[in-house]
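Summary of the model geometry
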Amino acid sequence: MVKLICSSCGREYLPTYKEYKCSSCGGLLNLQFEAKFPLNEIKRRKPTMWRYREAIPIEKDESIVSFDEGFTPLLLIPINNHKIWVKQDHLFQSGSYKDRGASVLISHVKEIGVKSVVEDSSGNAGAAIAAYSTKAKIKCDIFVPEKTSSSKISQIMAYGARIHKIGQTREETAKAVLREVENKYYASHVYNPYFLQGTKTFAYEVTEQLGWKAPDVVILPVGNGTLLLGAYIGFTDLFKAGITKKVPKIISVQAANCAPLAAAFSKKNDKANFHVKSTIAEGIAIAVPMRANQIIDAVKRTKGHFVTVNEEEIMASFEEMARNGYHMEPTAAATFAGVQKYIEESESRKNEVIVSTITGHGLKNK
Ligand SMILES: Cc1ncc(COP(=O)(O)O)c(C=O)c1O
Ligand SMILES: [Zn+2]
């Protein structure tokens, strides 16, 4: 049975609940559901993220909104003389991993009969929600910061969504959308826990592609943490179901210019010395991540840590990866600057099975 549970007061809601937070205390909602993995059946199904059907909390097959997404290649790529498994999640319909979350969230929206949604984003989540909404014939309004890449804005508009360019920062855009959601369904990748039920399939696919074995380490970019939290849920689901023997260590990468989570993790988050500057990694430029406590808790539980990367390091990784044929967004390149740092931290890393991912396609760059 699927339940929405308030992370602050514990109040429970049915999946048909349409508010974006707890109506009693305003707390964030989490989703509780037991994922099942009938392995023999899964192996016979189409190679998409929906092959883990019993692990995705959508009741009816007719509700599913899908482009047969997922099961992206997992390539072994040399980085600093180490071979790293890299998931090619820039190869989704809308060009970023956000399609994982959008497919499940918009399927849920369709299942509960919602006809119009609103979402705010740095661009990629908005593009994914717009693509799946138009497929489901659901009306869509997307709020983005004014300086969002023009390619992402034209992509969102091409899907037929209405675009609202509001605010200089992600936080100003997020505030503007909250004024809208009084009367509209908020298909938020940050607040809505169904989004994480899609991003968690990253963990299922990686594990299946490694022969149903969890890797030792997963290195992920983090802004609002929708990939990190999804990955944590996914690896934990597999561990709880007895399929894997461990949950991998999660290494979280932030841009040094906007690293509130890394600062809080190392307890240097005193307001006096915490400054946010702009970064080319626009997708992870989140100064106030709503699920900060959950993200830090997930990293701690897996005995992982945070790595921060500066603008020069991000650009250097962008260029190096592109020279090897991997054209990605600077946000995605930040991850590989983080991979480099992680490898350099210790010789022993040579023996670890490390997985990372290209989260967004370079064709989205202006
Ligand atoms: C390309 C890319 N990578 C990574 C992220 C980070 O995702 P999250 O904010 O959920 O941590 C984003 C978010 O927009 C993104 O666009
Ligand atoms: Zn509550």
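We now turn to the structure provided with this report. Nothing here was measured: the structure is a model prediction, and the numbers come from that model.

What to know about unusual backbone geometry
- Backbone geometry places Asn80, a non-glycine residue, at a positive phi of 50 degrees.
- Tracing the backbone shows Asn80 in the loop between β4 (74-79) and β5 (82-87).
- Of the residues examined, Asn80 reaches a relative accessible area of 32% and is grouped as partly exposed.

Description of the packing of helix α7 (residues 201-209) against helix α8 (residues 226-240)
- Where α7 contacts α8, the axes come no closer than 6 Å and their chain directions differ by 55 degrees. Put simply, α7 runs oblique to α8. Along its contact with α7, which presents Phe202, Ala203, Tyr204, Val206 and Thr207, the element α8 presents Leu227, Ala231, Gly234, Phe235, Asp237 and Leu238.

So, the layout of surface pockets
- Reported here for the largest pocket is a volume of approximately 640 Å³.
- Counting residues per element, the lining of the largest pocket draws most heavily on α8, which supplies six residues.
- Taken together, the residues of the lining of the largest pocket break down into 10 nonpolar, five polar and seven charged.
- Counted as a void, the second largest pocket has a volume near 530 Å³.
- Lining the second largest pocket are 26 residues, with Lys147, Thr279, Ile280, Glu282 and Ala285 positioned closest to its centre.
- Sorting the residues of the lining of the second largest pocket by element identifies α5 (170-180) and α12 (330-345) as the ones contributing at least two each.
- Broken down by class, the residue content of the lining of the second largest pocket amounts to eight nonpolar, nine polar and nine charged.
- Looking at which domains feed residues into the lining of the second largest pocket, each of domain 1 (74-97 + 195-364) and domain 2 (98-191) gives three or more.

Some remarks on the packing of helix α3 (residues 124-135) against helix α4 (residues 150-158)
- Contact pair α3 / α4: the axes reach a minimum separation of 9 Å and the direction vectors enclose 15 degrees. The pairing of α3 with α4 is recorded here as roughly parallel in orientation. For the pair α3 and α4, the crossing hand works out as left-handed. Side by side, α3 and α4 meet where Asn124, Gly126, Ala127 and Ala130 of the first sit next to Lys152, Gln155 and Ile156 of the second.

Details of the sheet that holds strand β6 (residues 116-120)
- The strand order β8-β7-β6-β9 describes an open sheet built from four strands, whose pairing is parallel. The open sheet has two free edges, formed respectively by β8 (162-165) and β9 (185-186), since each of these has just one partner strand.
- Pairing of strand β7 (residues 139-144) with β8 involves four bridges; the strand directions are parallel. By the bridge assignment, Val144 is partnered in β8 with Lys165.
- Each of β7 and β8 is contacted by α4, which is oriented at about 150 degrees to β8, the strand it contacts most.

What to know about the site of ligand 1
- The local shell around ligand 1 holds 17 residues, among which Asn124, Asn224, Gly225, Thr226 and Thr359 are the closest.
- At a separation of 3.4 Å, an oxygen atom of ligand 1 approaches a polar side-chain atom of Ser122.
- At a separation of 2.7 Å, an oxygen atom of ligand 1 approaches a polar side-chain atom of Asn124.
- About the coverage of ligand 1: the protein hides 99% of its 390 Å² of free accessible area.
- Judged by the fraction of its atoms near the pocket grid, ligand 1 is located in the largest cavity.

Parameters at a glance
- Residues numbered from 1 in each chain as written.
- Chains lettered and ligands numbered in written order.
- Predicted model: local features only at pLDDT ≥ 70, side-chain atom pairs only at ≥ 80, totals over all residues.
- Heavy atoms only, no water.
- Helix = DSSP H or I, 4+ residues; strand = E, 2+ residues; numbered from the N terminus.
- Buried < 20%, exposed > 50% of the residue type's maximum accessible area, 1.4 Å probe, protein only.
- Axes fitted to C-alpha atoms, helices over the stretch in contact; angles between N-to-C directions.
- Parallel < 35°, antiparallel > 145°, perpendicular 65-115°, else oblique.
- Contact = heavy atoms within 4.5 Å.
- 1 Å grid on protein atoms, 1.4 Å probe; cavity = no way out; pocket = protein on both sides within 12 Å on 5 of 7 lines; lining within 4 Å.
- Points joined across faces, edges and corners; volume = space filled by probe spheres on them.
- Nonpolar A, V, L, I, M, F, W, Y, C, P; charged D, E, K, R; others polar.
- Domains from an automatic or database assignment.
- Left-handed = near helix turned anticlockwise from the far one by under 90°.
- Pairing = 2+ DSSP bridges.
- Near = heavy atom within 4 Å.
- Polar contact = N/O pair within 3.5 Å; in protein donor to acceptor, adjacent residues only side chain to side chain.
- Areas by Shrake-Rupley, 256 points an atom, 1.4 Å probe, with all protein chains shown as cover.
- Sits in = over half its atoms within 2 Å of the grid points.

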